[in-house]
Amino acid sequence: TGKPALSWFHALRAYTAACMKHHGTKFPFNRKALEPLWCNWTAWCSDELSDSKIMENARIAAGLGMKSIIIDDGWFGPGLDTDDRPLNIGDYHADPAKFRNLKKLGEQIHYLGLDFLLWYAPTCISPDSNTFKAMNNLVMEHNGKKVMAPNGFFSLCPCNPEVRRHARSEVTRMFDEYGMDGLKVDLYNTLPTTPCQAGHKHDCSSVIEGVHRMMSDMWVIQKKKK
């Protein structure tokens, strides 16, 4: 318009509106996204995750009018806030030291009238994970080296169709195994800013396009399941 914006937020909002109009973009509307929720990440270290602690807080959340809770990073092992042992991010199976039966816990959460979501980072893979042993050839590389995030893990390449198939398979398995109502998908901000030069197959050239395809795939599965 030629007029200075009131703030960066106003400028970004105007730019987004212009892009949406130009491309004919319509965002999906999910009413549940507007409902209040509680996430354990805001409360205490992921090492303290347990059935009893989640249920204690779920009861409080339900009493306060929350509609859902997020069981965040660390439900499958050491979390990103754990410093004394290696991460196993990439292996998304409930940690038996924290949860005796995650599906049963979910049923108890549902009994309180709450939905529950599980944290999931589909591209993140620790060199200490079992998944890395099977999929290390699909990690993003640049200049002949696997690119490690500051957090100490690598990134599976979202431009690779096998990686996206793996994500679809994992999402399907987690819904079937744990009965959650959705996912908190996280950590795309740790993807390398450099293009992937690994020798594995790429069916799109942009990492952003790969992430879009991955998210679209996972969304289709979630809508079918819940």
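Residues numbered from 1 in each chain as written. Predicted model: local features only at pLDDT ≥ 70, side-chain atom pairs only at ≥ 80, totals over all residues. Heavy atoms only, no water.

(A) Expanded view of the overall build of the chain. What the chain contains, in helices and strands, is six helices and eight strands. When the helices and strands of the chain are listed from N to C terminus, the series reads α-β-α-β-α-β-β-α-β-β-β-α-β-α. In summary, the chain has a C-alpha radius of gyration of 19 Å against a globular reference of 17 Å for 226 residues, a match within 12%. Its C-alpha atoms give the chain principal-axis dimensions of about 50 × 45 × 35 Å. Partitioning the intrachain contacts of the chain with sequence separation of at least 6 by distance along the chain shows that 74% fall at a separation of at least 24. Of the roughly 12,800 Å² of accessible surface on the chain, a fraction of 55% belongs to carbon and sulfur atoms. (Helix = DSSP H or I, 4+ residues; strand = E, 2+ residues; numbered from the N terminus. Rg over C-alpha atoms; globule rule 2.2 N^0.38 Å. Contact = heavy atoms within 4.5 Å. Areas by Shrake-Rupley, 256 points an atom, 1.4 Å probe, with all protein chains shown as cover.)

(B) Broad picture of the packing of helix α5 (residues 161-178) against helix α6 (residues 207-225). Where α5 contacts α6, the two axes come as close as 10 Å, and the packing angle between them is 25°. Comparing their axes, α6 and α5 come out roughly parallel. Considering how the two elements wind past one another, α5 and α6 form a crossing that is right-handed. On α6, the residues touching V163, R164, A167, R168, V171, T172, F175 and D176 of α5 are G210, R213, M214, D217, M218, I221, Q222 and K225. The class makeup of the residues in the contact of α5 with α6 is seven nonpolar, three polar and six charged. (Axes fitted to C-alpha atoms, helices over the stretch in contact; angles between N-to-C directions. Parallel < 35°, antiparallel > 145°, perpendicular 65-115°, else oblique. Left-handed = near helix turned anticlockwise from the far one by under 90°. Nonpolar A, V, L, I, M, F, W, Y, C, P; charged D, E, K, R; others polar.)

(C) Broad picture of the packing of aromatic side chains. The full count for this structure, using the stated rule, is eight aromatic pairs. Each ring, one from F76 and one from W119, has its centre 5.9 Å from the other, and the planes form 20°; the classification is stacked. Of this pair, F76 sits in the loop between β2 (68-71) and α3 (102-111) while W119 sits in strand β3 (residues 115-120), and the two are 43 residues apart along the sequence. Exposure remark for F76: the relative accessible area of 3% places this residue in the buried category. Owing to a relative accessible area of 1%, W119 belongs among the buried residues under this scheme. By the ring-pair criterion, three or more aromatic residues cluster together here, those being W75, F76, Y92, W119, Y120 and Y178. Above the plane of the ring of W44 lies K53, whose end atom (NZ or CZ) is 5.0 Å from the centre. (Phe/Tyr/Trp six-rings, centres within 6.5 Å; stacked < 30°, edge-to-face > 60°. Buried < 20%, exposed > 50% of the residue type's maximum accessible area, 1.4 Å probe, protein only. Lys NZ or Arg CZ within 6 Å of the ring centre and 35° of its normal.)

(D) Expanded view of the pairing of β2. The two faces of β2 match: S68 and I70 on one face and I69 and I71 on the other face are all buried. Both strand β1 (residues 37-39) and β2 contribute to a ladder of three bridges, which runs parallel. Bridge pairing links C39 to I70 in β2. Handedness of the crossover joining β1 and β2 through helix α2 (residues 51-63): right-handed. Of the strand pairs in this sheet, β2 and β3 are connected by four bridges, and their pairing is parallel. By the bridge assignment, I70 is partnered in β3 with L117. (Pairing = 2+ DSSP bridges. Right-handed = clockwise from strand over helix to strand, strands pointing away.)

(E) Looking closely at the side chain of D115. In this fold, D115 is placed in strand β3. A distance of 2.6 Å separates polar atoms of two side chains, one belonging to D115 and the other to K32. With sequence-adjacent residues up to four places away left out, D115 is seen in contact with K32, K67, S68, I69, I109, H110 and D181. (Polar contact = N/O pair within 3.5 Å; in protein donor to acceptor, adjacent residues only side chain to side chain.)

(F) Highlighting unusual backbone geometry. Positive phi, normally seen in glycine, also occurs at N143, with a value near 55°. Phi at L187 is positive, roughly 70°, even though this residue is not glycine. Residue position: L187 is located in the loop between β8 (182-185) and α6.

(G) Representation of the environment of Y188. Looking at where Y188 falls in the secondary structure, it is placed in the loop between β8 and α6. For the pair Y188 and I208, spaced 20 residues apart in the sequence, the C-alpha separation amounts to 9.5 Å. Residue contacts for Y188: discarding those within four places in its chain leaves P122, T123, V211, M214, M215 and M218.

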